[in-house]
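# An overview of the molecular structure
Residue strings, one per chain:
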Amino acid sequence: MRLFDRNRMAFTAIVRYPLRSAMLLVAIAIGVSAVLLLTSLGEGARRYVTSEFNSLGSHLLIVSPGKNEVGGIGRIAGALSGTIRPLTLQDAMALERSPYIDTVTAFLPGGASINYEGVERNIEVIGTTHTMRRLFDYEIAVGRFLPDLDLDNTSPICVIGDTIAKEIFRTRNPVGEWVRLGERRLRIIGVMAQAGQSGPVDVDETVFVPVGFAMQMFNRESLHRMMIEAVSAEAMAPAEAAIVRIIKTRHAGREDVTVQNQGSILNTFNTVFLVLTSTLAGIAAISLAVAGTLIMNVMLVAVSQRTEEIGLIKALGGKRSQIIGMFLTEAAMLSLLGALLGLFVGQAAISLLRKIYPIVDFQAPDWAIIAAVVMAVSSGLIFGIMPARRAADLDPVEALQGH
Amino acid sequence: MIELKSICRDFHVGDEVVHALKDVNQIIEAGEYASIMGPSGSGKSTLLNVLGLLDTPTAGEYWLKGRNVSHLSDDELAATRQAVIGFVFQSFHLIPRLTALENVELPMVLAGLRPSKRRDRAVEMLVKTGLEDRMSHRPDQLSGGQRQRVAIARSIVMRPAVLLADEPTGNLDSHSGNEVLEILEDLHNDGLTLILVTHDPGLGARAHLRLRMMDGEISAERNPNAKRNSTGGVEEQVDHSATV
């Protein structure tokens with residue numbers, strides 16, 4: 001029997017029983033589109049995080065106080081035993097002098113109230129340096145960002161977010177005005193462009209002050225975090241070593257900082273999201289296995305519906321292998337058509353998601369698409385074997401009589 | 001062509017053993033027109049199934065075209081059916097979703113013949129059975145007599161040596177029944193060995209060799225008006241070795 005004829009026979013059988021075929025197609029399509037949709041969520045989240053990270057630039061190191069190898073255990077243990085020394089402004093200035101290090105951006109976040117002519121509002125404060133602007137691509141609406149000051153400079157100047165400017169100054173230009181921030185008076189030198197959540201803060205709700213000023217205002221010894229740019233991609237490793245060495249020297253031989261590079265952070269995220277995506281794929285694959293049992297059921301019905309036909313084919317000289325082949329082809333064709341329908345529906349749903357949340361690049365990974373189709377077709381074949389064998393094992397005399 | 005030697009076929013029904021065929025010996029020559037008659041339960045269907053290689057005898061030997069086919073595997077049986085035997089059934093057994101032409105093509109599809117070749121042959125057979133203007137009709141668009149003619153076209157498309165017709169007119173009115181019978185007898189006149197199962201004595205009488213089944217036993221009678229050169233009675237026939 002020719003392949004073409006076998007496919008045509010299977011196809012005519014599929015068309016002949018439209019309700020049965022449609023039910024099966026829908027079951028398989030649900031399974032396949034579920035795999036696509038769920039994996040696109042995981043993959044979309046991964047892509048979102050990766051792109052956010054990559055927008056930071058390529059040779060970035062993140063330094064935080066305390067030794068923190070994997071999770072929070074090291075930090076907690078360190079805190080309990082009291083061995084963590086603060087990561088001071090002087091530490092940061094020492095790091096700045098390393099030949100491998102280009103810029104040091106220090107952070108100290110906090111909260112305070114801002115007051116201008118009796119109008120008061122609670123806002124976020126972040127003590128930082130002029131390099132933060134470039135790091136996160138911030139735009140300035142009016143005036144300028146923090147100038148290039150020494151890290152320990154405590155000048156009382158600030159840059160305010162868009163929402164703060166609108167609510168406190170309304171239509172007036174805030175640049176050059178003096179405001180109270182907690183107990184201190186500062187002069188506004190700039191207003192940020194509207195940006196929402198960008199980088200580590202909600203720009204619109206934040207007041208940016210020099211990190212030295214913030215240390216004094218919040219009465220802190222230790223910085224919250226530093227983001228350090230190496231001079232080049234090649235300098236990443238020596239810069240990392242230099243940071244550890246310098247801090248160790250300054251902290252009486254204790255290596256009580258954590259240095260993370262972008263790559264290791266990205267790898268961690270990628271691993272986490274890959275596990276998440278695989279888990280989602282696995283959950284969706286269960287629906288494919290369920291569809292497989294439906295294939296078996298429907299094919300068994302097909303065998304009993306077509307008992308006489310099977311008897312006839314046997315009488316006309318159809319071999320056992322031919323009858324098995326015919327039914328397996330039918331099962332495979334049904335599951336392949338179902339898989340294609342599922343791909344179509346799944347991709348349509350994903351495009352819809354992208355329209356609703358344009359910020360996330362939802363996309364089912366290639367491996368999930370291939371795995372979904374392969375699994376649908378192979379479950380069709382595997383679950384089709386039993387019914388096909390049952391058809392081939394029918395006694396021709398009894399089959400011709402319809403039982 | 002066909003030689004049955006001490007064929008027995010037993011069925012187990014519960015604890016009982018039913019002897020559907022008891023020591024059947026019979027020769028059917030090539031080109032013969034034979035009828036099998038008998039009441040229901042007499043074993044005539046079982047005999048037809050054995051002759052058609054759809055069923056295998058419990059004991060005895062069945063020689064078909066000089067070959068012992070009593071102990072073939074399922075696939076060998078299928079191949080032999082395909083090459084040697086054509087079937088016409090009382091209930092036609094056409095595949096409803098295929099056209100008349102496609103139904104006739106089916107045996108050649110199973111045999112793996114080239115599409116162009118089998119189309120020509122299928123058309124030829126449909127012309128032969130007078131259905132040239134019904135080729136693209138589906139079975140449900142055809143009358144009973146037309147359906148049976150499609151089935152006959154299908155049965156001869158592989159050029160079998162033996163045609164087994166099981167009550168071919170049983171589901172037809174007398175007019176279409178006569179048409180079908182004429183076609184079958186024409187095929188016989190062209191040299192095909194025709195074996196007709198019927199309960200209608202009038203039909204059975206038209207055959208040259210009349211086989212009568214009764215309680216699993218066979219008796220044969222030759223029509224004195226037979227045109228064909230006959231070898232005489234049953235006992236004489238058994239003496240022949242398998243003739244092809």
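Residues numbered from 1 in each chain as written. Chains lettered and ligands numbered in written order. Predicted model: local features only at pLDDT ≥ 70, side-chain atom pairs only at ≥ 80, totals over all residues.

Looking now at the overall build of chain B. Regarding its fold elements, chain B presents eight helices and ten strands. Taking 2.2 N^0.38 as the reference for a compact globule, 244 residues should give roughly 18 Å; the C-alpha atoms of chain B span a radius of gyration of 18 Å, in line with that estimate. Overall, the C-alpha framework of chain B stretches about 50 × 40 × 40 Å when taken along its three principal axes. In chain B, which comprises 244 residues, the proportion classed as buried is 48%. Considering only residue pairs separated by 6 or more positions, chain B has 69% of its internal contacts joining residues 24 or more positions apart. (Helix = DSSP H or I, 4+ residues; strand = E, 2+ residues; numbered from the N terminus. Rg over C-alpha atoms; globule rule 2.2 N^0.38 Å. Buried ≥ 20, exposed ≤ 12 C-beta atoms within 10 Å, placed from the backbone. Contact = placed C-beta atoms within 7 Å.)

The next thing to look at is the overall build of chain A. For chain A, the count of helices and strands is 13 helices and twelve strands. Over its C-alpha trace chain A gives a radius of gyration of 33 Å, far above what one expects of a compact globule, namely 22 Å for 403 residues. In terms of its C-alpha atoms, chain A occupies a principal-axis envelope of roughly 100 × 55 × 35 Å. The burial tally for chain A puts 39% of its 403 residues in the buried class.

Let us look at helix α2 (residues 74-84) of chain B. Here α2(B) has its buried residues at Leu77(B), Ala78(B), Arg81(B), Gln82(B) and Val84(B). If you follow the buried residues of α2(B), they end up packed against α10 (307-315) of chain A together with β4 (59-64), β6 (85-88), α3 (100-111) and β7 (162-166) of chain B.

Once that is clear, we can look at the packing of helix α4 (residues 89-96) of chain A against helix α8 (residues 236-250) of chain A. Residue and element names in this part refer to chain A. Packing of α4 against α8 leaves a shortest axis separation of 10 Å and a crossing angle of 140 degrees. Compared by their axis directions, α4 and α8 come out oblique. Helix-helix and strand crossings are classified by hand; for α4 and α8 the assignment is right-handed. Residues Asp91, Ala94 and Leu95 of α4 touch α8, and the partners they reach there are Ile243, Ile246, Ile247 and Arg250. Looking at the contact of α4 with α8 residue by residue, the class counts come to five nonpolar, no polar and two charged. (Axes fitted to C-alpha atoms, helices over the stretch in contact; angles between N-to-C directions. Parallel < 35°, antiparallel > 145°, perpendicular 65-115°, else oblique. Left-handed = near helix turned anticlockwise from the far one by under 90°. Nonpolar A, V, L, I, M, F, W, Y, C, P; charged D, E, K, R; others polar.)

Here we take up the confidence of the model for chain A. Low pLDDT marks stretches whose predicted atomic positions should not be read closely. Taken as a whole, chain A shows an average pLDDT of 89; of its residues, 95% reach a score of 70 or greater. Predicted confidence is poor over residues 70-74 of chain A, with pLDDT under 50, and the contacts of this stretch with residues over four places away or in other chains come to four contacts. (pLDDT = per-residue confidence, 0-100.)

Time to look at the packing of helix α9 (residues 262-305) of chain A against helix α12 (residues 366-392) of chain A. A pair of packed helices is characterised by two quantities: the angle between their axes and the separation of those axes. Residue and element names in this part refer to chain A. Viewed as axis vectors pointing N to C, α9 and α12 meet at an angle of 25 degrees, and their least axial separation amounts to 8 Å. With respect to each other, α9 and α12 are oriented roughly parallel. Regarding α9 and α12, the two cross each other, and that crossing is right-handed. Looking at the contact of α9 with α12 residue by residue, the class counts come to 19 nonpolar, five polar and one charged.

All right, on to the nonpolar core then. Val35(A), Leu36(A), Leu163(B) and Ile195(B) are the most contacted members of the largest nonpolar core, which has 123 residues in total. Among the elements that take part in this core, helix α2 (residues 18-54) of chain A stands out by supplying twelve residues, more than any other. (Core = buried A, V, L, I, M, F, W, Y, C linked by C-beta atoms within 7 Å.)

A large share of helix α1 (residues 44-51) of chain B lies buried, amounting to eight of its eight residues. Every buried residue belonging to α1(B) is among Lys44(B), Ser45(B), Thr46(B), Leu47(B), Leu48(B), Asn49(B), Val50(B) and Leu51(B), and all of these are buried.

Contacts between chain A and chain B engage 20 residues on the former and 20 residues on the latter. Of all the secondary-structure elements, those providing two or more residues to the side of chain A that touches chain B are α1 (3-16), α10, α11 (320-356) and α13 (396-400) of chain A. The dominant element in the side of chain A that touches chain B, judged by the number of residues it contributes, is α10(A), at six residues. Among the residues making up the side of chain A that touches chain B, the classes are represented as eight nonpolar, four polar and eight charged.

The next subject is the sheet that holds strand β1 (residues 2-13) of chain B. All names here are of chain B. Across the sheet, which stays open at both edges, the four strands sit in the order β2-β1-β4-β5 with antiparallel pairing between neighbours. Sheet topology places β2 (16-28) and β5 (67-68) at the edges, where each strand pairs with a single neighbour. In this sheet, β4 lies alongside β1 in antiparallel orientation, the contact comprising five bridges. Following the sheet pairing, lysine 5 is matched in β4 by glutamate 61. Packed on one face of the sheet, α1 meets β1, β2 and β4 and runs near 60 degrees to β2. (Pairing = 2+ DSSP bridges.)

Here we take up the pairing of β2(B). Residues and elements named next belong to chain B. The pairing of β1 with β2 spans nine bridges and is antiparallel. Within the sheet, the bridge partner assigned to isoleucine 7 lies in β2 and is valine 24. Linking two consecutive strands that pair antiparallel, namely β1 and β2, is a turn of two residues; a positive phi of about 65 degrees is found at glycine 14 within it.

Residue and element names in this part refer to chain B. Strand order in the open sheet formed by six strands is β6-β7-β8-β3-β9-β10, with mixed pairing between adjacent strands. Looking along the sheet, the strands with just one partner apiece sit at the ends: β6 and β10 (217-222). Within this sheet the neighbouring strands show an average axis-to-axis angle of 20 degrees, counted without direction. Pairing of strand β3 (residues 33-37) with strand β9 (residues 209-214), which is carried by four bridges, proceeds in the parallel orientation. Among the inter-strand pairings, serine 35 is bridged to a residue of β9, identified as arginine 210. Helix α5 (residues 144-156) rests against β6 and β7 of the sheet, and its axis sits at about 170 degrees to β6.

Assignment of secondary structure puts Pro238(A) in helix α8. Sequence separation between Pro238(A) and Tyr357(A) is 119 residues, and the spatial gap between their C-alpha atoms is 41 Å.

Attention shifts here to the pairing of β10(B). All names here are of chain B. As defined by bridge partners, β9 adjoins β10 across six bridges and the pair is classed as antiparallel. Bridge assignment links arginine 212 to a residue of β10, and that residue is serine 219. Hairpin geometry of β9 and β10 is characterised by an intervening segment of two residues between the two adjacent antiparallel strands and by a positive phi of about 50 degrees at aspartate 215.

All right, on to the environment of Met37(B) then. Following the sequence through the fold, Met37(B) ends up in strand β3. Residues Met37(B) and Thr198(B), spaced 161 residues apart in sequence, show a C-alpha to C-alpha distance of 5.5 Å.

Here the focus is the confidence of the model for chain B. Residue and element names in this part refer to chain B. Of all residues in chain B, 91% attain a pLDDT of 70 or more, and the chain-wide mean is 88. Between residues 227-244, whose pLDDT stays under 50, and residues either more than four places distant or in other chains, the model counts 20 contacts. Predicted complex, confidence summary: ipTM 0.88, pTM 0.71.

To continue, consider unusual backbone geometry. Glycine aside, residues mostly have negative phi, and peptide bonds are mostly found in the trans state. Residue and element names in this part refer to chain B. The backbone of histidine 93 sits at a positive phi, close to 55 degrees, despite the residue not being glycine. Here histidine 93 lies in the loop between β6 and α3. Histidine 93 gets classed as buried once you count the C-beta atoms within 10 Å, which come to 22. In this structure, aspartate 215 takes a positive phi of about 50 degrees despite not being glycine. Mapped onto the secondary structure, aspartate 215 falls in the loop between β9 and β10.

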